[in-house]
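Residue strings, one per chain:
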Amino acid sequence: MDTRPIGVFDSGVGGLTVVKQVMKVMPHEHIVYFGDTARVPYGTKSKDAVTKYSLQNVRFLQSKDVKAIIVACNTASSNSLEAMRAATDIPIFGVVVPGVEAAVRATQNQKVGVIGTAATVRSGAYESMIRQKNPDIAVYSKACPLFVPLAEEGWTDNDISRLTAQQYLNELLSKDIDTLVLGCTHYPLLKRCIGTTVGERVKLVDPAKATARQVRDFLAQQNQLNENETEGERRFYL
């Protein structure tokens, strides 16, 4: 058993969607969350800048004696994961691979849409990984940069967010997708708005759920789950 906390970071509040899932599947685990609200968003910044910030965030979480780190940011996961893993012995989990695996399982017509920040879409991480899993799947990506400030502002389901969603997503709907990956941890905060726009026929994939399960399974294999029966302590830093 290991009672040390799990560290989680994101550029802002979006990573709390991952924390929510971690709390569901591992309610006894302690969590230390860091939201880099001083430098949000990451999706408009260069790969070098995202990597620099990510390494700083890892060092901060290291100072809290965490046993694992979840990079609850698709931009950092798709651009800087290997650099972070090279900088520490602490196990580091991104959100891209779990999201890819969930999307491959979900699609029926082999047409998958991916929405994310400009940096995530530019990296091509989702497209290349989905095609590695199944070369027959057609992947259509769309950057939706306004979704992050809308989520940070709390404008998750109003006229502005709905019009923005229609503007972004109509192009993907024209491709006849049946699965849409929410490739930014902010986007589940707009899930109702996005779901209304794409309709019930399109399945929304939230990588946060799959990521939480992946971390739980890893810790169980390493005998590092917190087996105390009390609810875990959660600390939040901004």
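Look a little higher up for the structure.
The rules behind these values
- For every chain, the first residue of the written sequence is number 1, and numbering continues from 1 along that sequence.
- Totals for whole chains, interfaces and linings use every residue, but because this is a predicted model, local features are given only for residues with pLDDT of at least 70 and side-chain atom pairs only at 80 or more, for both listing and counting.
- Water and hydrogen atoms were dropped before computing side-chain values, which therefore reflect all heavy atoms in the structure.
- Per the convention used, a helix needs a DSSP run of H or I reaching at least four residues, while a strand needs a run of E reaching at least two, with both numbered from the N terminus.
- Only C-alpha atoms enter the radius of gyration, while the globule expectation follows 2.2 Å times N to the 0.38, with N the number of residues.
- Contact definition: two residues touch when any of their heavy atoms are within 4.5 Å.
- Each accessible area is a Shrake-Rupley result for a 1.4 Å probe, and residues are judged covered by the shown protein chains and nothing else.
- Positive charges are assigned to Lys and Arg, negative charges to Asp and Glu, while His and the chain termini are left out of the count.
- For the purpose of locating charges, the reference atoms are NZ of Lys, CZ of Arg, CG of Asp and CD of Glu.
- Stacked, tilted and edge-to-face pairs are distinguished by plane angle, under 30 degrees for stacked and over 60 for edge-to-face with tilted covering the rest, among Phe, Tyr and Trp rings (Trp via its six-membered ring) whose centres lie within 6.5 Å.
- Remark: exposure states derive from per-residue accessible area (1.4 Å probe, protein chains only) relative to the maximum for the residue type, with buried under 20%, exposed over 50%, and partly exposed in between.
- Two strands make a pair as long as DSSP finds a minimum of two bridges between them.
- Angular values range over 0 to 180 degrees, each being the angle between N-to-C directions of two axes fitted as lines to C-alpha atoms, with helices fitted over their stretch in contact.

A.B. asks: Is there a simple way to think about the overall build of the chain in this case?
C.D. replies: Looking only at helices and strands, the chain features 10 helices and nine strands. Here the C-alpha atoms of the chain give a radius of gyration of 17 Å, agreeing with the 18 Å that 2.2 N^0.38 yields for 238 residues. Seen through its C-alpha atoms, the chain measures out along the principal axes to roughly 50 × 35 × 35 Å. Counting only contacts in the chain whose residues sit at least 6 apart along the sequence, the fraction spanning at least 24 positions is 77%. On the chain, roughly 10,700 Å² of surface is accessible, and the fraction owed to carbon and sulfur atoms is 48%. With 28 positive and 25 negative side-chain charges, the chain shows a spacing of 3 Å between the two charge centroids.

A.B. asks: Where do I start with the packing of aromatic side chains in this structure?
C.D. replies: Think of a pair of aromatic rings as described by two things: how far the centres are apart, and how the planes are tilted against each other in angle. Tallied over the entire structure, the rule returns seven aromatic pairs. Aromatic pair Phe 93 and Phe 218: ring centres 5.2 Å apart, planes at 70°, arrangement edge-to-face. Placement of the pair is Phe 93 in strand S4 (residues 92–93) and Phe 218 in helix H10 (residues 207–221), with a sequence separation of 125 residues. Of the residues examined, Phe 93 reaches a relative accessible area of 9% and is grouped as buried. Its relative accessible area of 23% is what places Phe 218 among the partly exposed residues.

A.B. asks: Looking at this structure, I do not really get unusual backbone geometry. What am I missing?
C.D. replies: Across the chain, the bulk of peptide bonds are trans and the bulk of non-glycine residues have phi less than zero. The omega torsion of the bond from Val 40 to Pro 41 falls at 0°, within 30 degrees of zero and hence cis. Positive phi values are uncommon outside glycine, yet Asp 65 reaches one of about 55°. Examined against the element boundaries, Asp 65 turns out to sit in the loop between helix H2 (47–62) and strand S3 (68–71). What makes Asp 65 partly exposed here is its relative accessible area of 45%.

A.B. asks: When you look at the sheet that holds strand S9 (residues 234–237) in this model, what are you seeing that I'm missing?
C.D. replies: What the five strands build is an open sheet, ordered S4-S3-S1-S2-S9; its pairing is parallel. Where the open sheet ends on each side, the last strands, each with one partner, are S4 and S9. Each of strand S1 (6–10), strand S2 (31–35), S3 and S9 touches helix H1 (residues 16–25); the most contacted strand, S2, lies at about 170° to it. Packing of H2 onto the sheet brings it into contact with S1, S2, S3, S4 and S9, and relative to S1 it is tilted by some 150°.

A.B. asks: Please explain H1 as it appears in this structure.
C.D. replies: Working note: α-helix, 3.6 residues per turn, so residues spaced by three or four point in the same direction. Among the residues making up H1, those that are buried are Thr 17, Val 18, Val 19, Gln 21 and Val 22. Among the structural elements, S1, S2, S3, H10 and S9 are those in contact with the buried residues of H1.

A.B. asks: Even after reading the chapter, I still don't get the environment of Val 50, so can you show me in this structure?
C.D. replies: Considering the arrangement of structural elements, one finds Val 50 in helix H2. Owing to a relative accessible area of 1%, Val 50 belongs among the buried residues under this scheme. Residues Val 50 and Lys 20, 30 residues apart in the sequence, show an inter-C-alpha distance of 24 Å. The contacts of Val 50, once residues within four sequence positions are left out, are Tyr 42, Lys 45, Thr 75, Ala 76 and Ser 80.

A.B. asks: Please clarify how the environment of Leu 169 should be interpreted in this entry.
C.D. replies: Within the secondary structure, Leu 169 sits in helix H8 (residues 159–173). For the pair Leu 169 and Val 198, spaced 29 residues apart in the sequence, the C-alpha separation amounts to 7.3 Å. Dropping the residues within four chain positions of it, Leu 169 is found in contact with Ile 115, Leu 180, Ile 194, Thr 197 and Val 198.

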